[in-house]
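Structural overview
Chain by chain, the residues:
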Amino acid sequence: MPEIAIDLTLETPDDGAVIDKLHERAFGPGRFARTAFRLREGVPPHPKLSFVARIGSMIVGSIRLTPIHVGETSALLLGPLTVEPAFRSLGIGLTLMQASLTEAAKIGHRLVILVGDEPYYSRVGFKRIAPGRVLLPGPVDPMRFLVKELVEGAFEGVTGAARGC
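In short, a report on the structure. (Residues numbered from 1 in each chain as written. Predicted model: local features only at pLDDT ≥ 70, side-chain atom pairs only at ≥ 80, totals over all residues. Heavy atoms only, no water.)

So, about the overall build of the protein. Helices and strands together make up the secondary structure of the protein, namely 4 helices and 9 strands. Listed N to C, the secondary structure of the protein is β-α-α-β-β-β-α-β-α-β-β-β-β in terms of helices and strands. At 15 Å, the protein has a C-alpha radius of gyration in line with the 15 Å of a compact globule built from 165 residues. The proportion of buried residues among the 165 residues of the protein is 42%. Accessible area of the protein: about 8700 Å², with a carbon and sulfur share of 56%. Side-chain charges of the protein comprise 19 positive and 17 negative groups, with the mean position of each set lying 3 Å from the other. (Helix = DSSP H or I, 4+ residues; strand = E, 2+ residues; numbered from the N terminus. Rg over C-alpha atoms; globule rule 2.2 N^0.38 Å. Buried < 20%, exposed > 50% of the residue type's maximum accessible area, 1.4 Å probe, protein only. Areas by Shrake-Rupley, 256 points an atom, 1.4 Å probe, with all protein chains shown as cover. Lys, Arg positive; Asp, Glu negative; His and termini not counted. Charge placed at Lys NZ, Arg CZ, Asp CG, Glu CD.)

Rendered as structure tokens:
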């Protein structure tokens, strides 16, 4: 398979409508009822940690990290991470995650949570959160509730309700 040149850039306000359409295609109208969406509701994604992947001028992927708190601890919520169906399995999602998580650590963030598939996200170090340790504003399959420490030990002693900042 030929290599495809992917250009990663920070998301800009002009990208919003295209990203919304990408989310609509990937997650459908039910996305607004999901717990992770409810946690992000009314909280803009972090502008220095939200990236798009382009092939030429076309956006083929997007990742957003949103500031939240877990109890009294500052954290980030990863998601949505979306890749156009025709461009999946090319490593675009993994590349977006690595860029976003690397930048988050670089600017001093310590902890990231998400709701997603452990086999996929464990490739970048996400691990399952013990049931009941962190409370979300809606139901979540405990097998899909994950955390990544950007600084070793950052999740030690962290408990409580997750909420947007």
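What follows continues from the structure just given.
Next up on the list: the pattern of salt bridges. One pass over the structure, following the stated rule, counts 5 salt bridges. Measuring nitrogen to oxygen at the nearest pair gives 2.8 Å for the salt bridge that ties Arg-64 to Glu-11. Linking Arg-64 in strand E3 (residues 58-70) with Glu-11 in the loop between strand E1 (7-10) and helix H1 (16-27), this pair joins segments that are 53 residues apart in sequence. For the pair Arg-64 and Glu-11, one class covers both residues: buried. A salt bridge links Asp-15 to Arg-54; its shortest N-O distance comes to 3.0 Å. (Salt bridge = Lys/Arg side-chain N within 4 Å of Asp/Glu carboxyl O.)

In this section: the pairing of strand E5 (residues 111-115). Counting buried positions along E5 yields 4 of 5 residues, so the element is predominantly enclosed. Pairing of strand E4 (residues 73-83) with E5, which is carried by 2 bridges, proceeds in the parallel orientation. Each residue of the ladder has a partner; that of Leu-76, found in E5, is Val-112. Taking the sense of rotation as the criterion, the β-α-β connection linking E4, helix H3 (residues 92-106) and E5 turns out right-handed. One ladder, built from 5 bridges, connects E5 with strand E8 (residues 145-149); its direction is antiparallel. Directly across from Leu-114, in E8, lies its bridge partner Leu-146. (Pairing = 2+ DSSP bridges. Right-handed = clockwise from strand over helix to strand, strands pointing away.)

Turning our attention to unusual backbone geometry. The linkage connecting Gly-79 with the following residue, Pro-80, adopts the cis geometry, with an omega of -5°. Even without glycine at this site, Ser-89 takes up a positive phi of about 70°. Note on placement: Ser-89 falls in the loop between E4 and H3. Given a relative accessible area of 79%, Ser-89 falls into the exposed group.

The next thing to look at is the nonpolar core. Counting 23 residues, the largest nonpolar core has Ile-63, Leu-78, Tyr-121 and Phe-126 as its most contacted members. Residue contributions to this core peak at 5 residues, all from H3. Counting 16 residues, the second largest nonpolar core, distinct from the first, contains Leu-39, Ile-113, Leu-136 and Ala-162. (Core = buried A, V, L, I, M, F, W, Y, C linked by side-chain atoms within 4.5 Å.)

Considering all chains together, one arrives at 2 aromatic pairs under this definition. With centroids separated by 6.0 Å and ring planes inclined at 80°, the aromatic side chains of Tyr-121 and Phe-126 adopt a geometry described as edge-to-face. Given a relative accessible area of 2%, Phe-126 falls into the buried group. An aromatic cluster is defined as three or more aromatic residues linked by ring pairs; in this entry it consists of Tyr-120, Tyr-121 and Phe-126. Across from the ring centre of Phe-155, 3.7 Å away, lies the NZ or CZ of Arg-133, which sits over that ring. (Phe/Tyr/Trp six-rings, centres within 6.5 Å; stacked < 30°, edge-to-face > 60°. Lys NZ or Arg CZ within 6 Å of the ring centre and 35° of its normal.)

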